[in-house]
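Results of the structural survey
Listed below are the residues making up each chain.
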Amino acid sequence: MTAVAGDGARPAPEAAAVTRLGSGGPWEALYGYCRVVRAGQLAITAGCTSTVDGRVAHVGDAAAQTAQAIRIGLDALAEVGAEPADVVRTRMYVTDRMYADEVGRAHNAVFGAVRPVATMVVVAGLIDPEHLVEVELEAWLGDR
């Protein structure tokens, strides 16, 4: 992960505790966002897909794409000090409701013991037509 610069504006004192890290993914610089932000006790990922080295991995396999996307999100959260047990909310965007069960089961394989609140939404499509799922993670780090 790499630190991401802001817009150059002077941060407010409470904003000084904000960390932004980019993964170098193909859309981050182009669209102006980063992979993970930690603001005080809260850490949030951008939408994570099964994109590895600029290419979609696990084409046609929603469960494997979900597992890959979650791993990418958890790796980003680890960069700012969060662990899987710290995840309090997940969002899953799927391109067809027929993927809901396999996406949900892949989510359960990682978060079944943690049981964060979760939302799964069927969407018309994602940025690459080979993406079947996109995942967002939020973690609460307490006093760390």
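Coordinates for the structure precede this section.
1. What about the environment of Thr90?
- Counting through the fold element by element, Thr90 comes out in strand 7 (residues 87-94).
- Those residues in contact with Thr90, other than ones at most four positions away along the chain, are His107, Phe111, Pro116, Val117, Ala118, Thr119, Glu136 and Leu137.
- A distance of 2.8 Å separates polar atoms of two side chains, one belonging to Thr90 and the other to His107.

2. A closer look at helix 3 (residues 100-111)
- Between its first and last C-alpha atoms helix 3 spans 16 Å; for 12 residues at 1.5 Å apiece the expected length is 16 Å, and the two agree.
- If you check which residues of helix 3 are buried, you get Val103, Ala106, His107 and Phe111. Down the axis of helix 3, the buried set is contained in an arc of 115°. They therefore lie on one face. Among the exposed residues of helix 3, those pointing more than 90 degrees away from its buried face are Arg105 and Ala109.
- Where helix 3 is buried, its residues touch helix 2 (62-79), strand 7, strand 8 (117-122) and strand 9 (133-140).

3. Regarding the pattern of salt bridges
- Summed over the entire model, instances satisfying the criterion amount to six salt bridges.
- Of the charged contacts in the structure, one is a salt bridge between Glu28 and Arg35, with a shortest N-O distance of 3.4 Å.
- Overall, Glu28 belongs to the buried group, its relative accessible area being 6%.
- Classification of Arg35 as buried rests on a relative accessible area of 10%.
- In this structure, the salt-bridge partner of Arg105 is Asp101, at a minimum N-O distance of 2.8 Å. Residue Arg105 and its partner Asp101 are located together in helix 3, separated by four residues, close to a single helical turn.
- Three or more residues are tied together by salt bridges with common partners; here these are Arg91, Glu136 and Glu138.

How each quantity is defined
- Residues numbered from 1 in each chain as written.
- Predicted model: local features only at pLDDT ≥ 70, side-chain atom pairs only at ≥ 80, totals over all residues.
- Heavy atoms only, no water.
- Helix = DSSP H or I, 4+ residues; strand = E, 2+ residues; numbered from the N terminus.
- Contact = heavy atoms within 4.5 Å.
- Polar contact = N/O pair within 3.5 Å; in protein donor to acceptor, adjacent residues only side chain to side chain.
- Expected span 1.5 Å × (residues − 1).
- Buried < 20%, exposed > 50% of the residue type's maximum accessible area, 1.4 Å probe, protein only.
- Arc of directions from axis to C-beta.
- Salt bridge = Lys/Arg side-chain N within 4 Å of Asp/Glu carboxyl O.

It is worth stressing that arrangement in space is one thing and function is another; only the former is reported here.
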